[in-house]
Amino acid sequence: MILMRYADDIVVGFEHEADARRFWDDMRKRFEEFSLSLNPDKTRLIEFGRFAAERRARRGLGKPETFNFLGFTFICERNSRGQFLVKRTTRRDRMRATLKRVKEELRRRMHEPIPEQGAWLKQVVRGFFAYHAVPTNGPALRAFYYYVKRIWLRTLRRRSQKDRFSWQRMHGLAADWLPQPRILHPYPDKRFAVMHPR
C-alpha cells in the first residue's frame, strides 16, 4: 500500500483490487460514524500503475484512467526506453485560471512602465515554475511561458491604437524579464535517495 496525503486530499494505492475495495468500504463506514461522507465526484477507484495498460488492453479497454492531485494530472506513461513512468502534468483548468488572472491583472497594469510590468510578471512566472517545474511537465511549462508572453504582447499593443509592438521585440522583453521554462525538481526517487541514503 502507498499513501499520499495533503490536508483533506488523499490518494491511496494498492497492489490488489480486493484490498482497495475493502479499504474504501471501511473508510466509508468510519466516516459515517462521524456523520461524514466521501465526495462522490472526487472519490473513485481506478486501475493505475505499471501493469494497468496491459491489463486494460487484454480486456479490450482503452488507456488507464488519469487522476488529479495537488494541481497535477497523473498519467500512466512509458519513457523512451519503454519503462513505466508516472507522468505529472499541470492541470489544464488550473493553468487556464492562472493565465486568466494574469490577463486581468495586466489589463489593470496596462499603462504602468514596462519594467514594472516585467518585474511583476517575473514573480508570477517564477512562482508558477517553482511549484510546477517537475520532471515530465516540460511541455506545460513551455506552454505557460508562451501564453504569458502572448498575453503581455496583446496588453502592450492595446496601450495605443498606433502601437505595432512586434513579436521580435516581445522575445527580447521576455528574455530580459521572464525566467526560462526548465525543470527545477528532481525525480521522486532521487529525492528519496538523498533523504534516506543506504
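About the cut-offs
Residues numbered from 1 in each chain as written. Predicted model: local features only at pLDDT ≥ 70, side-chain atom pairs only at ≥ 80, totals over all residues. Heavy atoms only, no water. Salt bridge = Lys/Arg side-chain N within 4 Å of Asp/Glu carboxyl O. Buried < 20%, exposed > 50% of the residue type's maximum accessible area, 1.4 Å probe, protein only. Core = buried A, V, L, I, M, F, W, Y, C linked by side-chain atoms within 4.5 Å. Helix = DSSP H or I, 4+ residues; strand = E, 2+ residues; numbered from the N terminus. Contact = heavy atoms within 4.5 Å. Pairing = 2+ DSSP bridges. Axes fitted to C-alpha atoms, helices over the stretch in contact; angles between N-to-C directions.

1. So, the pattern of salt bridges
In the structure shown here, the tally under the stated rule is 11 salt bridges. The partner of Asp93 in a salt bridge is Arg91, with the nearest N and O atoms 2.7 Å apart. Classification of Arg91 by relative accessible area gives buried; the value is 17%. We note a salt bridge from Arg109 to Glu105, for which the minimum N-O separation is 2.8 Å. Take Arg109 and Glu105: they sit in the same class, and that class is buried.

2. Quick word on the nonpolar core
If you look at the biggest cluster of nonpolar residues, it comprises 25 residues, and the most contacted ones within it are Leu121, Phe129, Phe144, Trp152 and Leu178. Sorting the residues of this core by element identifies α3 (92–108), α4 (114–132), α5 (138–157) and α6 (167–177) as the ones contributing at least two each. No other element matches the 9 residues that α5 contributes to this core. For Phe129, the contacting residues outside a window of four places in its chain are Leu141, Phe144, Tyr145, Pro179, Gln180, Pro181, Leu184 and His185.

3. Overview of the pairing of strand β2 (residues 9–13)
Where strand β1 (residues 2–6) lies against β2, 5 bridges are found, and the strand directions are antiparallel. Directly across from Met4, in β2, lies its bridge partner Val11. The loop that links β1 with its antiparallel partner β2 comprises 2 residues; one of these, Ala7, has a positive phi angle of about 55 degrees.

4. Some words on the sheet that holds strand β4 (residues 72–78)
The 3 strands are arranged β3-β4-β5 in an open sheet whose pairing can be described as antiparallel. A single partner strand is all that each edge strand has here, and the edge strands are β3 (67–69) and β5 (84–90). The sheet shows a mean angle of 40 degrees between the axes of neighbouring strands, direction not considered. By the bridge criterion, 7 bridges tie β4 to β5 in an arrangement that is antiparallel. Its bridge partner being in β5, Ile75 is matched across the sheet by Lys87.

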